[in-house]
Amino acid sequence: QFGYQAWLAYHPLADEAKREAANYRWIASCEQEETVQAAVSELVRGIGGLRGEAVQVSKEQEPITGKGIRIGTFKGNEEVRLLCGDAVERLSMEGFVIRTVGDITVIGANTSAGVLYGAFHLLRLLALGNAPADSDIVEKPANGLRMINQWDNIDGSIERGYAGQSIFYANNEISYDSERIQDYARLLASTSVNAIAINNVNVHRLETMFLTEAYLPRIAELAAILRRYAIKLYFSINFASPIEVGGLQTADPLDAEVREWWKSRAADIYAAIPDFGGFLVKADSENRPGPFTYGRDHADGANMLAEALAPYGGLVIWRCFVYNCKQDWRDRTTDRARAAYDHFMPLDGAFHPNVLLQIKNGPMDFQVREPVSPLLGAMEHTNQLIEFQITQEYTGQQRHLCYLVPQWRTVLDFQTLAQGAASPVKRIVDGSVYGRELGGFAAVSNIGSDANWTGHPLAQANLYGYGRLAWNPELTAEEIAREWAAQAIGPDEAVIDTVCEMLMASLDIYESYTAPLGVGWMVNPNHHYGPNVDGYEYDRWGTYHFADRDGIGVNRTVQSGTGYAGQYIGENAAIYESLERCPDELLLFFHHVPYTHRLHSGITVVQHIYDTHFDGAERAEGLVRKWQSLTGLVNEELYRLAQARFSEQAAHAKEWRDIINTYFYRKSGIADERGRTIY
Ligand code: BDP
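As a starting point, this report considers the structure included with it. Computed from a predicted model, the values in this text were never measured in an experiment.

It is worth spelling out the nonpolar core at this point. Counting 216 residues, the largest nonpolar core has Phe235, Trp318, Trp484, Trp627 and Phe664 as its most contacted members. Examining the composition of this core, we find that eleven residues originate from one element, helix α4 (residues 112–127), more than from any other. Setting aside anything within four residues of it in sequence, one finds Trp627 in contact with Leu458, Val499, Met502, Val634, Leu638, Tyr639, Ala642, Gln643 and Phe646. With twelve residues, the next largest nonpolar core counts Trp26, Leu83, Ala87 and Leu91 among its residues.

Written as structure tokens, this is what we have:
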């Protein structure tokens, strides 16, 4: 079956020179430590697959001849340390060295995690045929925390999951196939992920009990599988646990009994899982309990938990997705886009050192196009994690192709102007702009029990790309696409070119036939799939386009709108505030304009809507033809699976086109300049 091995498929190398580069005869390691051993087994598996011949594992003492690998930590393997030379001095905790010394390639690191990353790095180079004959590589991750959030529920369902059921739970039990979890851990670790929160941020009744004896032993077993791959386990907690689990009268974060209760829960958890990562918390959001109930703020809530976890080195990851989901649009200060900043900016500096704020990439909710959250970069004295959504809730639900790495790159490269022009989002979240020790990436996973993990086989590229960017946000979307395609699909250059072209075009195609000019939200309520222009327009979720017969868009200016544009720093605020300067792709996010308003591109807003929707649907059809050109060139199952999705996408893109175009034609009464049929 195609896809289970994903980018760790290790297709045999056909090219003679590339095979020669992978021609290792032996691997030597003298450490029993489990993560070092995991690294050794990965090398055995990977090199064996690439060269189609088994590689021998050897103990350090044996005489070894021919080309081989020595691998280990500097502390545990003297030989490795010596071979790594002065690179040893330059390494961070998770970094690694790969060096060729004669016949030997040495992989060395300060920690076993670094050793594992080094092994995966070498394997990637070999699989891509990029391994230099003379390696002298020193790598370290840009971000300390590289986290995955599972939105899995204990009943086996996954909130916003599009690839089957949970691999962690079934029938209201923690229930899993250890091998599958291990393979997931391998996939994650190979891209650099080092943390995972194992349950949905919306914590239901049974998951609230995770911090009790009823569940901890089983969770500890999960943690043990993940630990081997250097991944720390976290779970999401329910802020009202003291009441729901502890039988207390209150969950008030300033109540002494409540604080004690959390401290003893932390003691229990760490007794079961000594390296437990910490808590992920969604509070006072979409009907979840939180500190507001007690008249306390989010720093009070987070700090209470932080105090309980601090003695063990645990972290509190506190989400900033806090807004009023029952708002009244007539009150302009309740603009949902403003909410995270309004709630959290005043608390800058109030959080304990082991708290990180997890901030969605945009101010709304993972739309195909949003501006960058103005909270990123605004809080000088607070640790920040950026949150992406790998699962394609609003971007085609893994039925449409939508390669998200280009979107993430745009976000990461955005200049916040926090400290002048050298403060892009990537430097904010890695902690370097404000000299913060903790920071990084979090993202909602897109996997499930489907044999190929992600449903749409090409959606694997998003999971892969996420981890790669978390390690190195300088990698381009194109490089990452090529890496994924070559490793997952195979080494045929023509195939790789076609697949990359499709991946690289996909975000723009999807944006074209869905929501125009940054307006977002034209989807069916609840499940969020398919076009529905007014789906959210007249309810209280705060997600509006304000289209009427005269115009469209949300006025978020300071001068006459909600004031949201003013949350940005300096020139950014000025650009978004100005109708003339605001970039086209975000125009309707910041301004309400007549349909006849001319964009920088020279065409009117309504004509832009028509053009992009015709064009997007056509290009979706083009994806079907592109994929057909790969008939017989890729694995049959892969071909069939993707083909079905591309056909569905093309059909649904037409539906999007027709519904959106018809809506705006009837609202505006303005005909398509090019005379195409709109009903
Ligand atoms: C939204 C999802 C919802 C999540 C929420 C969140 O629709 O299912 O619970 O985000 O991030 O995108 O908490």
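For the pair helix α15 (residues 493–513) and helix α18 (residues 605–628), interaxial distance at closest approach is 9 Å and the crossing angle is 155°. Between α15 and α18, the angle falls in the class roughly antiparallel. Crossing hand, α15 versus α18: left-handed. On α18, the residues that touch Thr498, Val499, Glu501, Met502, Asp508, Ile509, Ser512 and Tyr513 of α15 are Thr612, His613, Gly616, Ala617, Arg619, Ala620, Leu623, Lys626 and Trp627. Of the residues belonging to the contact of α15 with α18, the class tally is eight nonpolar, five polar and four charged.

Remark on secondary structure: sheet strands pair via backbone hydrogen bonds, oriented parallel or antiparallel. Across the sheet, which stays open at both edges, the six strands sit in the order β2-β1-β3-β5-β4-β6 with mixed pairing between neighbours. In the strand order of this sheet, the two ends are held by β2 (56–58) and β6 (136–139), each with one partner. Strand after strand, the sheet turns through a mean of 15° between neighbouring axes, direction not considered. Pairing analysis gives three bridges linking strand β1 (residues 26–28) to strand β3 (residues 68–73), with the strands arranged parallel. The partner of Ala28 across the bridge, within β3, is Arg70.

For the rest of this paragraph, the subject is the site of the ligand. As a structural note, the neighbourhood of the ligand is formed by 13 residues, with Glu159, Lys282, Arg319, Lys360 and Glu393 the closest of them. Side-chain polar atom of Arg160 to an oxygen atom of the ligand: 2.9 Å apart, as the coordinates give it. Take Lys360: an N or O atom from its side chain is 2.7 Å from an oxygen atom of the ligand. Summarising the interface, the protein chains cover 97% of the accessible area of the ligand, which totals 320 Å² for the free molecule. Across the shell around the ligand, the residue classes break down as three nonpolar, two polar and eight charged.

Here Gln407 is to be found in helix α11 (residues 405–413). Its relative accessible area of 13% is what places Gln407 among the buried residues. Within polar-contact distance, the side chain of Gln407 engages the backbone oxygen of Gln367 at 3.2 Å.

Before going further, it helps to examine the sheet that holds strand β15 (residues 383–389). In spatial order, the strands read β7-β10-β11-β12-β13-β14-β15-β17; together these eight strands close into a barrel with parallel pairing. Ignoring which end each strand starts from, the neighbouring axes of this sheet average 25° apart. Note that strand β14 (residues 355–360) and β15 share five bridges and pair parallel. From the neighbouring strand, Leu357 faces β15, where its bridge partner is Gln384. Sitting on the sheet, helix α6 (residues 216–227) touches β10 (195–197) and β11 (232–237), and the angle it makes with β11 is about 140°.

The geometry of an aromatic ring pair comes down to the distance between the two centres and the angle between the two planes. Scanning the entire structure with this criterion turns up 39 aromatic pairs. Measuring from ring centre to ring centre gives 5.9 Å for Phe276 and Phe279, while their planes differ by 65°; the resulting arrangement is edge-to-face. Residue class for Phe276 comes out buried when judged on its relative accessible area of 1%. For Phe279, a relative accessible area of 0% gives the class buried. A cation sits over an aromatic face here: Arg180 above Trp453, 4.0 Å from the ring centre. In this structure, Arg556 packs its charged tip against the face of Phe589, placed 4.2 Å from the ring centre.

A few words now on the state of the cysteines. Throughout the structure, instances matching the rule amount to zero disulfides. No disulfide involves Cys30; its nearest neighbouring cysteine sulfur is the one of Cys84, lying 13 Å away. Assessed through its relative accessible area of 36%, Cys30 is described here as partly exposed.

Counted at 1.5 Å a residue, the expected span for helix α19 (residues 636–668) with its 33 residues is 48 Å, and the 47 Å between its end C-alpha atoms agrees. With its phi angle positive at about 70°, Gly669 sits one or two positions after the end of α19.

Leave glycine aside and you will find that most residues have negative phi; peptide bonds, for their part, are mostly trans. The phi dihedral of Asp284 is positive, around 50°, even though this residue is not glycine. Positive phi is not limited to glycine here, since Leu517 has a value of about 55°. Mapped onto the fold, Leu517 is located in the loop between α15 and β18 (551–552). On the basis of relative accessible area, Leu517 is assigned to the buried category, the value being 4%.

Attention now moves to the side chain of Ser668. By secondary structure assignment, the location of Ser668 is in helix α19. Classification of Ser668 by relative accessible area gives buried; the value is 15%. Within the local environment of Ser668, its side chain forms a polar contact with the backbone oxygen of Phe664, the two atoms lying 2.6 Å apart. A polar contact is formed between the side chain of Ser668 and the backbone nitrogen of Ile670, at a distance of 3.1 Å. Leaving out residues up to four positions away in the same chain, Ser668 has contacts with Arg549, Tyr595, Val606 and Tyr610.

Reading guide: rules and limits
- Residues numbered from 1 in each chain as written.
- Predicted model: local features only at pLDDT ≥ 70, side-chain atom pairs only at ≥ 80, totals over all residues.
- Heavy atoms only, no water.
- Core = buried A, V, L, I, M, F, W, Y, C linked by side-chain atoms within 4.5 Å.
- Buried < 20%, exposed > 50% of the residue type's maximum accessible area, 1.4 Å probe, protein only.
- Helix = DSSP H or I, 4+ residues; strand = E, 2+ residues; numbered from the N terminus.
- Contact = heavy atoms within 4.5 Å.
- Axes fitted to C-alpha atoms, helices over the stretch in contact; angles between N-to-C directions.
- Parallel < 35°, antiparallel > 145°, perpendicular 65-115°, else oblique.
- Left-handed = near helix turned anticlockwise from the far one by under 90°.
- Nonpolar A, V, L, I, M, F, W, Y, C, P; charged D, E, K, R; others polar.
- Pairing = 2+ DSSP bridges.
- Near = heavy atom within 4 Å.
- Polar contact = N/O pair within 3.5 Å; in protein donor to acceptor, adjacent residues only side chain to side chain.
- Areas by Shrake-Rupley, 256 points an atom, 1.4 Å probe, with all protein chains shown as cover.
- Phe/Tyr/Trp six-rings, centres within 6.5 Å; stacked < 30°, edge-to-face > 60°.
- Lys NZ or Arg CZ within 6 Å of the ring centre and 35° of its normal.
- Disulfide = S-S within 2.5 Å.
- Expected span 1.5 Å × (residues − 1).

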